[in-house]
Each structure stands twice: as structure tokens, then as C-alpha cells.
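# Chain and residue survey
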Amino acid sequence: MSKLWYAGAAVEWEEALPLGNGRLGAMVYGGTEYEHIQLSEESIWYGGPVNRVNPDMKEKLPKIRRLIFEGKIAEAEKLMWLAQSGCPNSMHPTQTLGDITIGFEGMKEVTDYRRELDLSNALARTEFVKDGVAYERTYFTSKPAQLLVMRFAASQPGMLSFWAGMDRWKFFDGVRKTEEDEIYLYGNLGRGGYEFGMKLKALHKGGKVSVIGERIVVEAADEVILLFGADTTYHHSKEEKETAYTEYESFGLERVQGLFDVEEISSWERKELVMQSCLQKMLEKAIDERVRQAVEQGYDELFAVHEADYRKLFDACEFTLEDTQKYDEIPTDERIRLAGEGKADIGLSKIFFDFGRYLLISCSREGDLAANLQGIWNKDMTPPWDCKFTININTEMNYWLAENCNLSSCHMPMFDLIEKMVKSGRRVAREMYGCRGFVCHHNTDIHGDCVTQDLWIPGSYWVMGAAWMCTHQWTHYQFTKDIAFLQKQFPIMCEAALFFLDFLVEKDGYLVTCPSVSPENTFILPNGEKGANSYGVTMDNQILRDLFGQCILSLKELEEAKALDSGVMEALKEAEITDIHEFIRQVEDAMKRLKETQIGSDGRILEWQEEFEEWEPGHRHVSHLYGMHPSEQITMDETPELARAARKTLEYRLSHGGGHTGWSRAWIINHYAKLWDGETAYHHLEQLFACSTYPNMFDKHPPFQIDGNFGATAGIGEMLVQSSDKRIVLLPALPSVWEKGSIRGLRVKGNAGVALSWEHGKVKECVITADSSLHTYVKYGNTKKEISLSAGESITFTEMDF
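Rules used in this analysis
Residues numbered from 1 in each chain as written. Predicted model: local features only at pLDDT ≥ 70, side-chain atom pairs only at ≥ 80, totals over all residues. Heavy atoms only, no water. Helix = DSSP H or I, 4+ residues; strand = E, 2+ residues; numbered from the N terminus. Rg over C-alpha atoms; globule rule 2.2 N^0.38 Å. Buried < 20%, exposed > 50% of the residue type's maximum accessible area, 1.4 Å probe, protein only. Contact = heavy atoms within 4.5 Å. Areas by Shrake-Rupley, 256 points an atom, 1.4 Å probe, with all protein chains shown as cover. Salt bridge = Lys/Arg side-chain N within 4 Å of Asp/Glu carboxyl O. Polar contact = N/O pair within 3.5 Å; in protein donor to acceptor, adjacent residues only side chain to side chain. Pairing = 2+ DSSP bridges. Axes fitted to C-alpha atoms, helices over the stretch in contact; angles between N-to-C directions. Core = buried A, V, L, I, M, F, W, Y, C linked by side-chain atoms within 4.5 Å. Phe/Tyr/Trp six-rings, centres within 6.5 Å; stacked < 30°, edge-to-face > 60°.

### Concerning the overall build of the protein
A tally of helices and strands in the protein yields 19 helices and 34 strands. Against the 2.2 N^0.38 benchmark of 28 Å for 802 residues, the protein shows a C-alpha radius of gyration of 27 Å, consistent with a compact globule. Each principal axis of the C-alpha distribution contributes one length, and for the protein these read about 80 × 75 × 55 Å. Sorting the 802 residues of the protein into buried and exposed places 62% on the buried side. The contacts of the protein with a sequence gap of at least 6 include a subset with a gap of at least 24, amounting to 70%. Carbon and sulfur atoms make up 48% of the accessible area of the protein, which amounts to about 29,600 Å² in all.

Set out below in C-alpha cells:
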């Protein structure tokens, strides 16, 4: 059973059940007398784009570098704080869309209560009994319909009476009745920001529905279906907006005249207000059309289409463990509470894996925005860290499961985001650093802003954000072999690399980044001073080794496929790369001059160029192990010495309190999976359940961040199957408690799928199906078998083969 279920309504947000269709998110509390549904929409970001480039950085960069090379870190960081910070220092935040609130008459005391989220069909349900009458409420967010659909039913006629309304605290322009059974709430997100609108409509059988004031009122109905839709001008083209002004100008002028003394406002203010009204009319019409189509379909067809759309993704991968059904009778929050007492059941592994895949499908669909720090679910006007895209691990971790867990199409919004970042990143590269290419720091937003975020010495001044994100483009190609995708992404990858050809400087015979920071960590200098920024930190070199190497391999793939066409060459020219082979030669030369990952005197991987003491030995980031995960520069079978040093690095961090945030623990699970240590990987999965999981199974940083859900889901996949361009590894980190089970639908590099079952901790059967020509090795234990498959061919291994 893939269900989360509870014996009581949610009290806190972290107990509510998440629904999402990629664009629209809802958190359902399941109250009987007072229902609360918190709403999110992907494009609800305050304000418009801002040019935050600091005009003084380019001039100060040489001095900053000189101070760092001289070991005068405090002086360098003071100058960085002044010259490298954005102007202003922060991007705008995402915001909550608002809330639906519903008040039911006489429903306070009920029996037989159950609240659940069915992961197999993305349906939330609340059931209870009141005075012998059984009530059922169901909720789903449909991607095809772009609506939240709610149905309320009772076992006896005439038993449904309630009011329903929408709210957005004080941050909206108005709410009004649009029909006798619907209301519309609208507003804007500040000067330069988007207009938004949302509509709630009630369909009823029996009884009566009306609108009184700003609420829908239902009296003595047999069944009620509520349809909720929302939209913003982010989703509409320039042409649609201009057409709206032409079509609705008279409506807009009439509305403005009804609100303002037009003689007291300027002509440009009047025109702006008229334009806002026209855009609101456009949004309302767009939502109306969705609602109209939904009314024609009816509930059953709406749900059937939603279920089919969702299940084509969710059913692509299935993880089973034997003897977990008995745990399905225990409420989910109780199972998590027991995990906190050291009594985690193995069924949590399966439900957490399913929930992670469910969440990515629900918050990252092709054509929509990428998953942010909270996926798509945000209850606040000023959320933690503004709920942006934090790209010094969090956004990347959001997508670690996309390829291996068979949700490749859900990865596409990340590539759209990278493409959006290029314009701002070019400007930042030229105006702040005097470099070609494009660059981004540790955050970006809906507009693709690439300027430094915040004033935080250990984190803000990191220049590797775009470089890391661009490694995902090659990863997607490795798993899919989609040459058309590579054609489009290759120029962007090269442009990210081009920045570093200009930015890198020579130090002691190596090319180094400077300034450079190991994300969010701090070291102690020999004189006792603290510092965070230096040069050529290990993570920078590892990321660049990936990015440079992937550009080299991409060119080879494109040439072999005869896909280096005029479109690719034109895009390269726009990126200021006129001779691709000369560019790749320079990339190869720069790659050779990067310092290799070093082992310190105590046997650990060095985090910085020098063997500094760490200010926080149990720091949550393990950035210098990027080379082990998500990269493959450190592996058990090819670099055993580095793998041993990586293990010592993890043990040291953990012995000083590391892994104390949810996403950090998720990263550690992946690290131990890569070390082929299933027992320790599973121990940290149990610790994630015990210490870093909310009652609704959201990841606990704290507060909620979705990256831990996604990172741990990916880690479960890595425990079962790993792959590289050279080999597929079966059950590399299988814990003994997963004695018998199966996984179907995992993907491996080379564009192939794996179905795998095991008993008594050993492979029972493995079927590998190639969707492209595949030549690789299959490794299980000490056995290694070469395979060669054509597209469409499969090969089956049994326990006798190993």
C-alpha cells in the first residue's frame, strides 16, 4: 500500500497533506468542522526583475585576489562584502498564493475519522461519521485541467451545509461574486510584478448554493464539487497581454473611474491602472475557460484523466520489500514517532521512496518552473531563505532522483531555468568579473537573477552555481542519449565553461578559482583568525573537472552523431565561441592544470588548498565529497585510496555532529551508497526518519526543505543500482534488513532500464532492457560480465550467473 494516513486532522502545516500538479500546490488539513487548504502557485514571486550588479567588483577583483594570496583573508572578505555583494543584496521572495477556508455546521465531534494521501493516484481523502451519517471528502490537483478539484459527499441526502471562501491575508486587491455559485479573488505582486487571480466555483446536487458577501454558501446539498483555479500573468505571452489591453480597455477604464478620481491621478498612472484591470480580465477569462471545461467533463472524467496523467509517471518505477504490509495498519505519524524512538520499520523505506517520486511529479512537470527550496508548497509571505532556488546543493539535490528513478521528464524544468539564467549570467560575468561566458552564485529566482545573494561571507560569494547546474545537462544525456537535447544544451554548457577559462588564475603552477569558498563552511587560519574565502577549494576543482570533461565528451558525441549543425554553431557564436575545436583545446589544457583531489596528513580529503582546521568540524555541507556524489571522480573500484579517505572524512564529520539537517543526512546516505556500505547507508536512512522527517513525511531541515526528500529517494535508488559510462553495479549497498524485495523501472546510464529482484540479500533475477545501443559491464559482488545490446534488446541474469 502506498498511502500516508492519519487518525486525526492536521493542526500544523507540517501535518497537512500535499497535492500538486507542477504549477498549483495545495496543503489539505482535513478538518471536520473547519477545513483549511493552503494554496501555492509556482509564479507567486514578489516584485519584478532588478539589475543588482555591483559596479565596483570588476575594479576591486585584482586587489581581492592579491589579499587572498597574501593570506590577508579578513581584509579580502571585508572588500568582498562591499564590492561583490549585490545592489540591493537580495532577490525578491516567493509568496504563498493564499488559502481556501470552509466552515461546516455541527461537525466538531465525529467518529471513525481517517485522513489519507494515496500515492498511487495522487488523491487525498478525509472520511468520518457524524450522527450515523458517513461523510467523504476527496481532493486532487489535475495537471490536464489545471485545477484543484474537491468533492464533498454524505451517505444521506441534504446533509451538506457550509460556507467557503478564499483569503490572502491583506495582500490582494479585491474579491467579488462572479456568478451565483462562484467568487474571484485578485491582486498584484508589487511594482513590476505579476498580476494574479483565483476562482472558486461550487457545483451541487440538491439543496441551494448562493454567494453572500465574499463567501459561497451551501445549504442542505446532497453532494458538492468545488473547483479552484489560479493564474498569473507570468504564464501569458506579450501578445496575449497586448491583446487584453485592446479588448478590455473600456472595461479597465470603467473600473478605474469607479475607484479613483481620474482628475487627481496622472495619465500614466491611469494607463497603468487600466492595464492592470485588463490583465485581470484576461486572467479571469483564462480561469473561466478551465472551469467551463471541467464542468462539462464532470467529476468522474476529471479524476480519470488526472489519474491517467499521473500514473504514467508514478507507475514507471516500483519498489517492494517483503513483509511490510503489517505496518500499513499503523498511522504514518505514529510510525515516524516510533522511528524517533529507534523503532523504524522497513516499510518506511518503501513509502518514503514512493513519496519522494510523488513529490517530484507534483512539483516539477515539463513546461513548469523548477522545484524550489520547498518544491511548490509555501505558506508564508516571507518564507525561509525566500524559498528561492538555492544552487549550492539544494536545487541540484532536488533532481538527483529524476534520472535514476525514471522521472526524466520532471528534470526538464531545471534545464529551462538554466536557459533563463544565461542572459543575467552573461551580464554578471562581464560587468562584475570582466569575463566572457555566464556565471551564477548560490541563488537564482524566477527571473534567472545571477548576482550575489545576501551578505553572508561563508556562502554568498561562491561563483560555481551555474557550473554545477550545467553538469545536470550531461547527466540527462547520459541517461537518455537524447542527441537533440544535447544539441540544445551543449552551447550553454560551453558558455558556463568559458567563464572559467577567463576567471581562473595561476597559483603555484595550477589554475585556481579566486575568490573561492567551500559552501557555507569556515576555516581557522594559523594565527587563530576565522576565514571562509580562499582560492582553488576542492569542490571548485571537482565541479570544473566535471564541467570541462563533459564539454569535451559532448563535442565527441555530437560529431559522432553528425549533429554539430548550423543551429548549434549559431548558438556557440552567440556565446562568443567562434571556433569550437580551439575552445575545447583550451578547455582540455585548463582541465589538466586543475589540482587533483588531495588527501591530508590525517587521511581525510582536503577541503581547502591548505590543511586548515575547521571552525565547525560537524558542518552540514560535505562539499569536498562532491567528487564522490553526485560526481564519479571517487569510486570504490577505480579510486580506492580516495574512497578510503572519503570514508574517513564522513566519519570525522559525523563524529562531530554532522548530518543534523535533513538534506545533509540525505547526502550522507548517497555517500555511503557510493562506498557500497548498505548497513551504514540504511542507518542514516533510519536517522532521517527519526530526526529529520515531519509527520506528513516532509523533510525537516528544520524548517521544511524538500531537498532531503528528493536526496534520500535518490539514495535508495543508489543503494540498489548504480551506473556509470563504464559499468552497472547491482545491489552495491543492500542493507541486511531489506532481505527480500524488488525494484522495477530504475534507469541506468546508457539509456537502459533495470528490473531486479533479490532474496536472502542476493540477486534472484535481473533484467536489463536497452533503449539505445548499450555496451557496458554488469558488476555484482566480485563478478563482472560484459554485455552488448541493441536498442530494444534485453538480457536476463539469474542467481546462477553470479
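### Details of the pattern of salt bridges
For the structure on display, the rule yields 59 salt bridges. One salt bridge connects Asp380 with Lys379, and the closest N-O pair in it is separated by 3.3 Å. According to the relative accessible area criterion, Asp380 is partly exposed, its value standing at 24%. The partner of Arg585 in a salt bridge is Glu582, and the shortest N-O contact between them spans 2.8 Å. Remark: Glu582 and Arg585 occur in helix H15 (residues 580-592); sequence separation between them is three residues, near one turn of the helix. A network of salt bridges, in which partner residues are shared, links Arg176, Asp181, Glu182, Lys199, Lys201, Glu284 and Asp288.

### Focus: the side chain of Gln453
Checked against the element boundaries, Gln453 lands in the loop between strand E19 (443-444) and helix H11 (465-480). Side chain to side chain, Gln453 and Ser90 meet in a polar contact 2.9 Å long. Excluding anything up to four places from it in sequence, Gln453 contacts Arg52, Asn89, Ser90, Met91, Asp386, Lys388, His442, Asn443 and Ser460.

### Considerations on the sheet that holds strand E4 (residues 34-41)
Adjacent strands of a sheet form backbone hydrogen bonds with each other and so pair up, either parallel or antiparallel. Strand order in the open sheet made by the seven strands is E2-E3-E4-E5-E10-E15-E14, with antiparallel pairing throughout. The two strands at the open ends of the sheet, each matched to only one other strand, are strand E2 (17-20) and strand E14 (208-212). On average, adjacent strands in this sheet sit at an angle of 20° to one another, irrespective of strand direction. Sheet topology note: the E4/strand E5 (residues 98-104) ladder contains six bridges and is antiparallel. For His36, the partnering residue across the bridge sits in E5 and is Thr101.

### With respect to the environment of Lys481
As for its position among the elements, Lys481 is in the loop between H11 and helix H12 (483-503). Judged by relative accessible area, Lys481 falls into the partly exposed class, the value being 31%. Note: C-alpha distance between Lys481 and Asp771 (290 residues apart in sequence) is 9.1 Å. Lys481 has contacts with His476, Glu557, Gly750, Asn751 and Ser772, leaving out every residue within four places of it along the chain.

### A few points about the environment of Glu127
Topologically, Glu127 is positioned in strand E7 (residues 123-130). Given a relative accessible area of 30%, Glu127 falls into the partly exposed group. Between the C-alpha atom of Glu127 and that of Val517, which follows or precedes it by 390 residues, the distance is 52 Å. What Glu127 contacts, discounting residues up to four positions off in sequence, is Asp112, Tyr113, Arg114, Tyr135 and Glu136.

### Details of the sheet that holds strand E11 (residues 174-179)
Reading across the sheet, the nine strands line up as E1-E6-E7-E8-E9-E16-E13-E12-E11 and stay open at both edges, with antiparallel pairing between neighbours. Unpaired on one side and paired on the other, strand E1 (3-6) and E11 mark the two borders of the sheet. Averaged over neighbouring strand pairs, the angle between their axes works out to 15° when direction is ignored. In this structure, E1 lies alongside strand E6 (residues 111-118), joined through four bridges in antiparallel fashion. Its bridge partner lying in E6, Trp5 is registered against Glu116.

### Quick look at the nonpolar core
In terms of nonpolar packing, the biggest core is built from 234 residues, with Phe228, Tyr433, Trp738 and Ile768 touching the most fellow members. It is H12 that contributes the most residues to this core, 13 residues altogether. Residue contacts for Trp738: discarding those within four places in its chain leaves Phe319, Leu321, Ile346, Ser349, Tyr682, Leu685, Ile716, Met719, Leu720 and Trp758. Core analysis: the next-biggest nonpolar cluster, separate from the first, contains 25 residues, Leu147, Ile225, Ile265 and Ile287 among them.

### What to know about the packing of aromatic side chains
For any two aromatic rings, the description comes down to two numbers: the centre-to-centre distance and the angle of the planes. Evaluation of the coordinates by the stated rule reveals 41 aromatic pairs. Residues Tyr139 and Phe152 carry aromatic rings whose centres are separated by 6.2 Å and whose planes lie at 65° to one another, so their mutual orientation is edge-to-face. Placement of the pair is Tyr139 in strand E8 (residues 133-142) and Phe152 in strand E9 (residues 147-154), with a sequence separation of 13 residues. Since its relative accessible area comes to 1%, Phe152 is described here as buried. Ring geometry for Trp462 against Trp468: centres 6.5 Å apart, planes inclined by 75°, an arrangement best described as edge-to-face. We note that Trp462, like Trp468, is buried. What links up through ring pairs into an aromatic cluster is the set Trp13, Tyr310, Phe314, Phe355, Tyr358, Trp377, Phe698 and Phe704.

What is shown is where atoms sit, not what they do.
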